[in-house]
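# Chain and residue survey
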Amino acid sequence: MYISHRGAKLRNTLVSFFNGSVTLVILLIAPLGLMAVIINTLLVTFATYVVSNVADKVIAGLEPGQNAELTASSQPRNRNSRQSYLQRWWR
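This text gives an overview of the structure that appears in the document. (Residues numbered from 1 in each chain as written. Predicted model: local features only at pLDDT ≥ 70, side-chain atom pairs only at ≥ 80, totals over all residues. Heavy atoms only, no water.)

## Remarks on the overall build of the protein
Our working rule: In this description a helix means any DSSP run of H or I spanning at least four residues, a strand means any run of E spanning at least two, and both kinds are numbered starting from the N terminus. The contact criterion used throughout is that any non-hydrogen atoms of two residues lie within 4.5 Å. All accessibility values rest on the Shrake-Rupley procedure with a 1.4 Å probe; residue burial counts only the protein chains present in the view.
Helices and strands together make up the secondary structure of the protein, namely four helices and zero strands. Each helix and strand of the protein, placed in order from N terminus to C terminus, yields the pattern α-α-α-α. Long-range pairs, those at least 24 residues apart, make up 57% of the contacts in the protein between residues at least 6 apart in sequence. For the protein, the exposed surface amounts to about 7100 Å²; the carbon and sulfur share of it is 69%.

## Notes on the pattern of salt bridges
For clarity, the threshold we go by: Here a salt bridge means any side-chain nitrogen of Lys or Arg lying within 4 Å of a carboxyl oxygen belonging to Asp or Glu. Each residue is assigned to one of three classes by its accessible area relative to the maximum for its type, calculated with a 1.4 Å probe on protein chains only: buried under 20%, partly exposed between the two thresholds, exposed over 50%.
Throughout the structure, instances matching the rule amount to one salt bridge. In this structure, the salt-bridge partner of R11 is D56, at a minimum N-O distance of 2.5 Å. Of this pair, R11 sits in helix α1 (residues 5-29) while D56 sits in helix α2 (residues 34-61), and the two are 45 residues apart along the sequence. Assessed through its relative accessible area of 17%, D56 is described here as buried.

## Considerations on α2
Cut-off, in case you're wondering: Expected helix span is given by 1.5 Å per residue-to-residue step, counting one fewer step than there are residues.
Spanning 28 residues, α2 covers 41 Å between terminal C-alpha atoms, matching the ideal 40 Å at 1.5 Å per step. Among the residues of α2, V37, T41, T45, T48, S52 and D56 are the ones counted as buried. On its buried face, α2 is in contact with α1.

## Section: the packing of α1 against α2
Working note: a packed helix pair is described by the angle between its axes plus the distance between those axes. Put simply, the rule is: Angles shown run from 0 to 180 degrees and are taken between the N-to-C directions of axes, each axis being a line fitted to C-alpha atoms and, for helices, limited to the stretch in contact. Small angles under 35 degrees read as roughly parallel and large ones over 145 as roughly antiparallel, with 65 to 115 read as roughly perpendicular and the rest as oblique. Rotating anticlockwise by less than a right angle from the far helix to the near helix defines a left-handed crossing, while the corresponding clockwise rotation defines a right-handed one. Each residue receives one of three labels: charged for Asp, Glu, Lys and Arg, nonpolar for Ala, Val, Leu, Ile, Met, Phe, Trp, Tyr, Cys and Pro, and polar for the others, Gly being one of them.
The geometry of α1 relative to α2 is characterised by a closest axis approach of 8 Å and an angle of 150° between their N-to-C directions. Considering the angle they form, α1 stands roughly antiparallel to α2. Crossing of α1 over α2 shows right-handed handedness. Taken together, the residues of the contact of α1 with α2 break down into nine nonpolar, 12 polar and three charged.

## Here's the deal with α1
Between its first and last C-alpha atoms α1 spans 37 Å; for 25 residues at 1.5 Å apiece the expected length is 36 Å, and the two agree. Within α1 the residues assigned to the buried category are A8, N12, S16, G20, T23 and L27. Looking at the buried side of α1, the elements it contacts are α2.

## Notes on the environment of I38
Counting through the fold element by element, I38 comes out in helix α2. Judged by its relative accessible area of 38%, I38 falls in the partly exposed class.

## A look at the side chain of T23
Structurally, T23 is set in helix α1. Look past the residues within four positions of T23 in its chain and what remains in contact with it is N40, T41 and V44.

If you want it as structure tokens, here you go:
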């Protein structure tokens, strides 16, 4: 999975806001107090963001080939060889 840190952070933010929005709509239908709805929505949004970041770290740890490729990119390479977008971004 080739995705930059900025891309992963943007994806995690969008997922957490979406889950928070769905939670807000569901809780506004239920007969709860407004403060309970707001606190629960913020907790769901924050928890989704944290879980998404932890999942990204676990996936990155399970892909040792990608880490080896990125650390090996500091060695001089042939100019004619193609580089991926991620390798160019890391330099």
